[in-house]
Every structure is written in structure tokens, then in C-alpha cells.
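# An overview of the molecular structure
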Amino acid sequence: MLSSLLSTYSPALDAELRAALDFCLPPPDDYARMLYYHLGWMDEGQPSLVAGKRTRPLLTLLCAEAAGGNWQQALPFAAAVELIHNFSLVHDDIQDASPLRRGRATVWKLWGEPQAINAGDALFTYAHLAAQRAKLCGLEAETILQGFQLLDTTCLHLTQGQHHDMAFEARDGVTTGEYLQMIEGKTASLIATAAECGALAAGQHPAGRSHYREFGRHLGLAFQIRDDILGIWGDSSVTGKSASTDILTRKKTLPVLFGLDQEAKLRAAYRPEANGGASVADITSWLEACGARAYAEEKEKRHADMALASLAAAQPQGDAGEAIRDLTLQLLGRVN
């Protein structure tokens, strides 16, 4: 059921994204190529998943249909969600000096940091143009204004989360509570808004929208915590990335922060190896021994259970309702 609905949604979403960008995009000069490249529309010889999984906008469409609406009316909001996500990725890659994204060189690596900033700003602006297209789908002006408020508030939460994420890199004594607050802004807020925008487009009352939002928020938190766990203990043949990367780069993820708070020797060992720090194997072993993995897994389970409870409270209907639950279980690794 999930694959059937996604095969229906995906071409329509792609068309909506292209319509939003083509509204005032010049011929494919370098400016347009930067955007097309990042979105996966150019360089056809690259891997088939180059455009990303588009989980967030597809969640918007699923929630719209499950909430009793017409998923096609939610397409402009879904496109806006995807463009906001991609604007944040372009800027994150610059701030993190990441050379690769989805197996390809990042925009800043190819065009330089100043032009990549420009590309990110453009995607942010196109997100607003995409949302404006909701009037062409028959949504009321008040609904569109509420959608803009959701999207713009989320952008603030994204930038606040990114600010704290970068600040934590240079700070000692970051607490697990601060970290959870940070990922709520950086990761969970957009997933929450993606779900709520679908319910909004379907004409759901505020209480119903709140259930969808809480579903998305807890899903985002559980998803990020799961990613933190896989970043240390994951199977690289399944995740597609080395399980040692987070430790090698001394990233402060949830299990690491728990461990640093528990073990003084771990705090000393977590310095870079060049400065007397311990090996990846030693740090991983100490994290396991002090209960960091168990702590993170318990937090993930708690938020996963709350996501499923909030989804049940929303009472999603029909095939889309079943598909949302299936997608949630896939994202949380609860099915093969």
C-alpha cells in the first residue's frame, strides 16, 4: 500500500517542485544549474537516489489524505517543505565543511561558498513561492496564511537548532537535555510541520492538527536518536556509512553526551587521538559499558511509542492511514 501511494505521489510532487522553480527561474545558466544539481535534476549519470527520499513532503501528502482531504491540494505545502529542507542542507554543508551530500560533491565544493549561500537563499525563497501556489489548488486564504506561519516558524527553529549544534562543538558540559532541545529544532520541527501542513490542507480542526504535529515531532526525535545510535553501533553495510565516523570526528551525539556525563575517563579519552585521546574501539567499549547505548535506545523507544500513540489519536483514515504507520515503522527500523 505504501509503495503504491508513493508511486502516485512522487511524480506529482516532482512536477510541483519544477513548477515552483520554473515560475521565475532563468534558462539553465550556472545559477539554475546549482539548484537543479542539488535537487538531483541534473547529472543523470549519478546514483538513482541522488534526489533524496523526500520523506518529509511525502509525509505531508499522506497526512492530508489520511486526514480526509485531497492530497493534491497539499502539493504546494509539500513542495515548500522539501525546498526548506534543501535550503537547510545547502547551508549546513557550508557550515560543516561537508564535501559530499548523497554521494556527490556538495554545492559549495563545486561553486564555492559565496555562490552556495546564494543557492541556499534561493531555495528558501522558492519555498515561499511554492506555498503561494496553494491558492491555485483551491485552499482558502486563511489556510494559506496559517501554512506560511507554520513554515516560517519552522525555519526559525531550524536555524536555532543549527546555531546550538555548532555552538556545542566548542562547548564542554553540554547536557543531554540541551541536546534533545537542539535536535527538536534542527530535525523534529520540520517533520512536525510536514505532518501538520498535510492536516491543515485537509481542513482538520486545531485539535486534529495537533495530533499530527505531535506525531511528526516524536517521529523526528526518535529518528534522530536512532541515527545517533547507528552512527556508533550501526552496520555500515546497511547504513551506507562508517560506524566509526561520529567517534573519529568526536561528534557530540546523545549516547556520547550521556557517557561523558557518566565517566571522567571518557571525557579525557574523547579528546582527538592526536591530542592524547583514545581509539574508536576503546571509546565505543566504554560507552557500551557505562550504559550509553541502553540510555539512547530507551529514549528512542519512548519517542517512537509516543509518535505511534499520537498517530493513533489523530485517527488517520483509509489506505493513507495504513501507509503512514508503515512508513513510520520503516523509518524507525521496526520492519525489514
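The shown structure was predicted, so the numbers you read here are calculated from the model rather than taken from an experiment.

### Quick word on the environment of A127
Examined against the element boundaries, A127 turns out to sit in helix α6 (residues 113-132). A sequence separation of 24 residues divides A127 from G103, and the C-alpha atoms of the two residues are 25 Å apart. With residues near it in sequence (within four places) discarded, A127 still touches A80, L83 and I84.

### Things to note about the nonpolar core
As a rule of thumb, soluble globular proteins bury nonpolar side chains together. By size, the foremost hydrophobic cluster in this structure holds 75 residues, and its most contacted members are Y9, L59, L62, L83 and F215. Per element, the largest residue contribution to this core is 11 residues, and it comes from helix α4 (residues 75-96).

### Details of the environment of Q73
Relative to the helices and strands, Q73 is located in the loop between α3 (55-66) and α4. Overall, Q73 belongs to the partly exposed group, its relative accessible area being 23%. Here the alpha-carbon distance between Q73 and G220, two residues 147 residues apart in the chain, equals 24 Å. Not counting chain neighbours up to four residues away, the residues in contact with Q73 comprise C137, G138, L139 and A201. A distance of 2.8 Å separates a polar side-chain atom of Q73 from the backbone oxygen of C137.

### A few points about the side chain of T193
Mapped onto the secondary structure, T193 falls in helix α8 (residues 176-201). Apart from the residues lying within four places of it in its own chain, the contact partners of T193 are L150, L151, T154 and R213.

### Things to note about the side chain of T106
Among the structural elements, T106 can be located in the loop between β2 (104-105) and α5 (107-111). Taking the relative accessible area as the measure of exposure, T106 reaches 1% and is therefore buried. Only 3.1 Å separates the side chain of T106 from the side chain of W108, close enough to count as a polar contact. Residues in contact with T106, not counting those within four places in the same chain, are D93, S98, P99, L100 and R101.

### Some remarks on helix α14 (residues 280-289)
Each turn of an α-helix holds 3.6 residues, which means side chains three or four residues apart point in the same direction. Inspection of α14 places V280, I283, T284 and L287 among the buried residues, and these make up the whole buried set. Each buried residue of α14 lies within a common arc of 100 degrees when the element is viewed along its axis, so the set occupies one face. Opposite the packed face of α14, turned more than 90 degrees from it, sit the exposed residues A281 and A289. Buried residues belonging to α14 abut α9 (206-233), α11 (245-248), α12 (254-262), α13 (264-269) and α15 (292-314). Looking one or two residues beyond α14, the residue adopting positive phi is G291, at roughly 90 degrees.

### Considerations on the pattern of salt bridges
Tallying each qualifying case throughout the model produces 16 salt bridges. For R217, the salt bridge goes to E184, with nearest N and O atoms at 3.0 Å. With R217 in helix α9 and E184 in helix α8, the pair connects residues that are 33 residues apart, well separated along the chain. According to the relative accessible area criterion, E184 is partly exposed, its value standing at 29%. When the shortest N-O distance is used, the salt bridge between E196 and R213 registers 2.9 Å.

Each value, and the rule that gives it
- Residues numbered from 1 in each chain as written.
- Predicted model: local features only at pLDDT ≥ 70, side-chain atom pairs only at ≥ 80, totals over all residues.
- Heavy atoms only, no water.
- Helix = DSSP H or I, 4+ residues; strand = E, 2+ residues; numbered from the N terminus.
- Contact = heavy atoms within 4.5 Å.
- Core = buried A, V, L, I, M, F, W, Y, C linked by side-chain atoms within 4.5 Å.
- Buried < 20%, exposed > 50% of the residue type's maximum accessible area, 1.4 Å probe, protein only.
- Polar contact = N/O pair within 3.5 Å; in protein donor to acceptor, adjacent residues only side chain to side chain.
- Arc of directions from axis to C-beta.
- Salt bridge = Lys/Arg side-chain N within 4 Å of Asp/Glu carboxyl O.

None of this, on its own, says anything about what the molecule does.
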